[in-house]
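Structure assessment
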Amino acid sequence: MTKKLMAEFFGTFWLVFGGCGSAVLAAGVADVGIGWLGVSLAFGLTVLTMAYTVGHISGGHFNPAVSLGLMLGGRFDAKDLLPYWAAQVVGAVVAALVLYLVVSGAAGFEGVGGFASNGYGEASPQGYGLVSVLIAEIVLTAFFLIIILGATSSGAPAGFAPIAIGLGLTLIHLISIPVSNTSVNPARSTGVALFADGPAMAQLWVFWIAPLVGAALGAMIWRAMTTDD
């Protein structure tokens, strides 16, 4: 279990540092910034690389919603759920702290701003309201779980699951960065919210409830479509 929790810690660290780091450090640089497309790809690459690297140790969840969905889908032991959540949240917080230390060293530093946090209303990149954010986060997390359960099922081609999952997360970000800055991952949302300026902490409840509901929905849909577990 210690090795599994270490894998989840480092996998979630890499997701937050790589994905949110790309948003904070590289997305908005004039002329050479990577923009939303680059950030979407960065998040997908973090999951793809760590799924291949440590997926064989812990299953490569890196996300409390994924752990819940896999448990409900019959792929994960319920007794391990809370330890996995703890490792994932701690990994996200440590990654956000390291990113904060990097950002605070910039010349003329005056605060981190939104710090790639998630939000609705004025905290949404394009001003989407609470209902829009809830719908997007629930639907996209549900599909993320369906992709994960399908790609890792016994009938899927062996060895390709991380590619499908990583590209799935890339697509999710391409859809929803304008809406909520894309969570689908309560740990990712928690880590950066602790350091962000603005309403991130006050709105954090949305980015726990919606992904967890979406994960449960995705697991139920998958089990309704197939008997394969």
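Quick notes on the rules
Residues numbered from 1 in each chain as written. Predicted model: local features only at pLDDT ≥ 70, side-chain atom pairs only at ≥ 80, totals over all residues. Heavy atoms only, no water. Helix = DSSP H or I, 4+ residues; strand = E, 2+ residues; numbered from the N terminus. Rg over C-alpha atoms; globule rule 2.2 N^0.38 Å. Buried < 20%, exposed > 50% of the residue type's maximum accessible area, 1.4 Å probe, protein only. Contact = heavy atoms within 4.5 Å. Phe/Tyr/Trp six-rings, centres within 6.5 Å; stacked < 30°, edge-to-face > 60°. Axes fitted to C-alpha atoms, helices over the stretch in contact; angles between N-to-C directions. Parallel < 35°, antiparallel > 145°, perpendicular 65-115°, else oblique. Left-handed = near helix turned anticlockwise from the far one by under 90°. Nonpolar A, V, L, I, M, F, W, Y, C, P; charged D, E, K, R; others polar. Patch = residues over 30% accessible without salt bridge, like charges linked within 9 Å, V, L, I, M, F, W, Y side chains within 5 Å. Areas by Shrake-Rupley, 256 points an atom, 1.4 Å probe, with all protein chains shown as cover. Salt bridge = Lys/Arg side-chain N within 4 Å of Asp/Glu carboxyl O. Expected span 1.5 Å × (residues − 1).

**Comments concerning the overall build of the protein chain**
Looking only at helices and strands, one finds eight helices and zero strands in the protein chain. Listed by position from the N terminus, the elements making up the protein chain come as α-α-α-α-α-α-α-α. Its C-alpha atoms give the protein chain a radius of gyration of 17 Å, near enough to 17 Å, the size a compact globule of 229 residues would have. A total of 229 residues make up the protein chain; the buried ones form 51% of that total. Within the protein chain, counting contacts between residues at least 6 apart in sequence, those at least 24 apart form 77% of the total.

**Some remarks on the packing of aromatic side chains**
Evaluated as defined, the whole model comprises seven aromatic pairs. Note on Phe 13 and Phe 17: the rings are 5.8 Å apart at their centroids and 20 degrees apart in plane angle, and the pair reads as stacked. Of the two residues, Phe 13 and Phe 17 both sit in helix α1 (residues 2-26), four residues apart, roughly one turn of that helix. Feature note: the residues Tyr 100, Phe 109, Phe 115 and Phe 195 constitute an aromatic cluster, connected by ring pairs.

**Some words on the environment of Ala 142**
As for its placement among the helices and strands, Ala 142 is situated in helix α5 (residues 130-151). For the pair formed by Ala 142 and Ile 221, sequence separation is 79 residues and the distance between their alpha carbons is 8.4 Å. When near neighbours in sequence (up to four residues on either side) are disregarded, Ala 142 contacts Gly 214, Ala 215, Leu 217 and Gly 218.

**What to know about the packing of helix α3 (residues 64-72) against helix α8 (residues 206-225)**
Between α3 and α8, the least distance of the axes is 8 Å, while the angle of their chain directions is 30 degrees. Taken together, the axes of α3 and α8 are roughly parallel relative to one another. Crossing of α3 against α8: the hand is right-handed. Contacts between α3 and α8 involve Pro 64, Ala 65, Leu 68, Gly 69 and Leu 72 from the first element and Trp 208, Pro 211, Leu 212, Ala 215, Ala 216, Ala 219 and Arg 223 from the second. Each residue belonging to the contact of α3 with α8 can be placed in one class, and the counts come to 10 nonpolar, one polar and one charged.

**Thoughts on a nonpolar patch on the surface**
Together, Leu 37, Leu 171, Leu 174 and Ile 175 line one region of the surface with nonpolar side chains, adding up to about 400 Å² of accessible area. Counting residues per element, the nonpolar patch draws most heavily on helix α6 (residues 161-180), which supplies three residues. Checked against the element boundaries, Leu 171 lands in helix α6. Residue Leu 171 is classed as partly exposed on the basis of its relative accessible area, which comes to 48%.

**A short note on the environment of Gly 73**
Position of Gly 73 relative to the elements: it lies in the loop between α3 and α4 (81-103). Since its relative accessible area comes to 3%, Gly 73 is described here as buried. On a C-alpha basis, the gap between Gly 73 and Gly 159 in space is 20 Å, while along the polypeptide they are 86 residues apart.

**With respect to α8**
In a regular helix each residue adds 1.5 Å, so 20 residues correspond to 28 Å; α8 covers 28 Å between its end C-alpha atoms and thus fits that length. Among all positions of α8, only Val 206, Phe 207, Ala 210, Pro 211, Leu 212, Gly 214, Ala 215, Ala 216, Gly 218, Ala 219 and Trp 222 are buried.

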